[in-house]
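# Geometric and topological summary
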Amino acid sequence: MRLLVFFLLFTTCAVAQKLPARWDELVASDWPAALEKSSRTCILPIGILEKHGPHVPLGSDLIKVREWAARATKDEYAVVFPDYFYGQINEARHQPGTFSLPSRLVWDLLDATCAEIARNGFDKIVIINGHGGNPELIRYFIQSQLDKRRDYAVYFFDPQPSPEFNKKMAEMRKSDPAGDQHAGEKETSSLLYLRPDLVKQERATQESGKNQKRLSLPNLYTGIWWYASYPNHYAGEGATGSKELGKLITEDTVDALVKALKVVKADKKTLELQKEYFDKVDQVGGK
Ligand SMILES: [Zn+2]
């Protein structure tokens, strides 16, 4: 009898440990367990398909967010929505490999995806983003969650680097931080750490990642600004990237994501306030 209890306990634990984080790797019969273990929290990692200079893969942003989610959920369980690479990338349509859907479709797809995630039992959705052209879209999308009553909340994981991290990075970095953006030292480093097999670093100097400064419009914003500055869709010096810097960046981001997941999973206030807000909205007409 004792042996049987031990055996049952052991197999139950083994099964619990084997609960995959990725939505597409779960079996349907484990769905209730995944909802419970995740506190009904689902991560939506958003990447993009776009040129990353001449040397890092088109899906770099997706690779990063997918890896952050996979690593963080080993420490703090949440369900991870599969590959999602539909975002704002109008500025790179002149480069091969860019997958840029019409703006309204991008919006509707994101809205319908969140609604469909919620229909499956999640009431907390955490967007993690790897693409520099997405934050404005994501912030407006999340603010727009208040346009009608919803029984789920969407969060944006937007980590701010700690002073200690900045100090370590400054010691390791070889290129000018001001020019280090898209496919530059930092991003190349991340890919060298996560997927060295896909990086062709020897090609990083084949094109210029310098700001071309072809448009000067002080205090003004216009859609062609990025193309004006970086027509090669490359900003920085990928040749200076290193695996060590990539490890530092990845580990710091994953640490921050684990902390954020703990906060989201324990958070009851957001949904409570959201409900209170919609109740008040409904009373405005006095009917
Ligand atoms: Zn990128």
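Everything numeric in this text was worked out from a predicted model, so none of it was measured.

Turning next to the pattern of salt bridges. This model, assessed by the stated rule, comprises 21 salt bridges. Via salt bridges that share partners, Arg22, Asp24, Arg66 and Asp83 belong to a single interconnected network.

Attention now goes to the sheet that holds strand β2 (residues 79–80). Here four strands make up an open sheet; going across it, the order is β2-β1-β3-β4 and the pairing parallel. The sheet is open, and its two edges are formed by β2 and β4 (153–157), each paired on a single side. Against the sheet, helix α4 (residues 103–119) makes contact with β1 (41–46), β3 (124–129) and β4, and its axis sits at roughly 155° relative to β1, the strand it touches most. Here helix α5 (residues 135–143) sits on the sheet and contacts β3 and β4; the angle it forms with β4, its principal contact strand, is near 155°.

With that out of the way, let us pick up the environment of Trp226. In this structure, Trp226 sits in helix α8 (residues 225–229). Distance from Trp226 to Leu215, taken between C-alpha atoms, is 9.7 Å for residues 11 residues apart in sequence. In this structure Trp226 touches Glu91, Gln181, His182, His233 and Ala235, once residues within four positions along its chain are discounted. Of the polar contacts made by the side chain of Trp226, one reaches the side chain of His233; its length is 3.0 Å.

Parameters and conventions
Residues numbered from 1 in each chain as written. Predicted model: local features only at pLDDT ≥ 70, side-chain atom pairs only at ≥ 80, totals over all residues. Heavy atoms only, no water. Salt bridge = Lys/Arg side-chain N within 4 Å of Asp/Glu carboxyl O. Pairing = 2+ DSSP bridges. Helix = DSSP H or I, 4+ residues; strand = E, 2+ residues; numbered from the N terminus. Contact = heavy atoms within 4.5 Å. Axes fitted to C-alpha atoms, helices over the stretch in contact; angles between N-to-C directions. Polar contact = N/O pair within 3.5 Å; in protein donor to acceptor, adjacent residues only side chain to side chain.

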